[in-house]
Amino acid sequence: MADGCNADREKGSAFLPKFDAQGLLIAIAVDAQTKDILMVAYMDEEALAKTRETGLAHFHSRSRGRLWLKGETSGHFLRVQDIQVDCDQDALTLVVKPEGPACHTGARRCFYRRLEGDELVHFAD
């Protein structure tokens, strides 16, 4: 039975999200225009359902232990243009149109440094 389920999940057309033991899956937000990775967060069933229902990216905040609408306090929403699903359905790519910076630091994206040797170096957007 597990092989059939895995085959359906990996090769079929049914959306069968595979949440981990904590009820989460990885969601990677990618800018629809630049293709830059903006941020990585987690979604639970509720966040996924709200994202699909509203077109705005919702996540599960592990630190707050609750549903989180990206932009709920900053106004920097992520408008979802497309949801892409990986082969075993345990990770999603959200192709988004950002309405302001995606990072809580105010940076356009959370990935604004690269590792060079043992040092983190900022790069320009």
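Up top is the structure.
Sequence order sets the numbering: in each chain, residues are counted from 1 along the sequence as written. Totals for whole chains, interfaces and linings use every residue, but because this is a predicted model, local features are given only for residues with pLDDT of at least 70 and side-chain atom pairs only at 80 or more, for both listing and counting. As a rule here, side-chain values come from all non-hydrogen atoms in the structure, and water together with hydrogens is ignored.

Mapped onto the elements of the fold, H58 is located in strand β3 (residues 58-61). Within the structure, H58 has its side chain in polar contact with the backbone oxygen of L56 (distance 2.8 Å). Discounting residues that sit within four places of it in the chain, H58 has contacts with M43, A47, K50, T51, L67, W68 and L69. Going along the chain from the N terminus, every DSSP run of H or I of four or more residues is numbered as a helix, and every run of E of two or more is numbered as a strand. We define a polar contact as two N or O atoms separated by no more than 3.5 Å, with the added condition that, inside protein, one atom must be a possible hydrogen donor and the other a possible acceptor, whereas residues neighbouring each other in sequence contribute only through side-chain atom pairs. Any pair of residues with heavy atoms lying within 4.5 Å of one another is described as a contacting pair.

This part is about the pairing of strand β6 (residues 91-98). The pairing of strand β1 (residues 25-31) with β6 spans six bridges and is classified as parallel. Among the inter-strand pairings, A27 is bridged to a residue of β6, identified as L92. Two strands pair under a simple rule: DSSP has to find at least two bridges between them. When strand β5 (residues 78-85) meets β6, the two strands line up antiparallel, connected through seven bridges. Looking at β6, one finds that R79 is bridged to K97.

Turning next to a nonpolar patch on the surface. Residues enter patches when they are more than 30% accessible in relative terms and free of salt bridges; like-charged ones are connected within 9 Å and nonpolar ones (Val, Leu, Ile, Met, Phe, Trp, Tyr) within 5 Å. Exposure was quantified through the Shrake-Rupley algorithm and a 1.4 Å probe, taking into account, for residues, occlusion by the shown protein chains and nothing else. Should a side-chain nitrogen of Lys or Arg be within 4 Å of a carboxyl oxygen of Asp or Glu, the pair is scored as a salt bridge. A surface patch of nonpolar side chains, amounting to about 320 Å² of accessible area, comprises I26, I37, V40 and F111. Residue position: I26 is located in strand β1. Judged by relative accessible area, which is 35%, I26 ranks as partly exposed. The buried label goes to any residue with under 20% of its type's maximum accessible area, the exposed label to any with over 50%, and the partly exposed label to all in between, with areas taken from a 1.4 Å probe on protein chains only.

Attention shifts here to the layout of surface pockets. The distinction between a cavity and a pocket rests on a 1 Å grid over the protein atoms alone: a 1.4 Å probe fits inside a cavity but cannot get out, while a pocket stays open yet meets protein on both sides within 12 Å along at least five of seven lines, and a residue with an atom within 4 Å of a point counts as lining. Grid points are joined across faces, edges and corners, and a volume is the space filled by probe spheres set on the points. Taken as a whole, the largest pocket encloses approximately 490 Å³ of empty space. Taken together, 23 residues line the largest pocket, and the ones lying closest to its centre are M39, R64, W68, A102 and H104. Among the elements of the structure, β2 (37-43), β3 and β4 (66-69) are those that each provide at least two residues to the lining of the largest pocket. Grouping the constituent residues of the lining of the largest pocket by class yields ten nonpolar, nine polar and four charged. Residue polarity follows a fixed list, in which Ala, Val, Leu, Ile, Met, Phe, Trp, Tyr, Cys and Pro are nonpolar, Asp, Glu, Lys and Arg are charged, and the others, Gly among them, are polar.

Moving on, we get to helix α2 (residues 45-54). Among the residues of α2, those classed as buried are A47, L48 and T51. Buried residues of α2, viewed axially, fall in a sector of 100°; they line one side. Facing away from the buried side of α2 by more than 90 degrees, the exposed set consists of E45 and E53. The secondary structure elements touched by the buried residues of α2 are β2, β3, β4, β5 and β6. Following α2 by one or two positions, G55 adopts a phi angle in the positive range, close to 80°. The arc in question is traced by the directions running from the helix axis to the C-beta atoms.

Next up on the list: the sheet that holds β1. The strand order across the open sheet formed by four strands is β2-β1-β6-β5, and the pairing between neighbours is mixed. Of all the strands in the sheet, just β2 and β5 have a single pairing partner and so form its edges. When the angles between neighbouring strand axes are averaged without regard to direction, this sheet yields 30°. Each axis is a line fitted through C-alpha atoms, taken for helices only over the stretch in contact, and angles between the N-to-C directions span 0 to 180 degrees.

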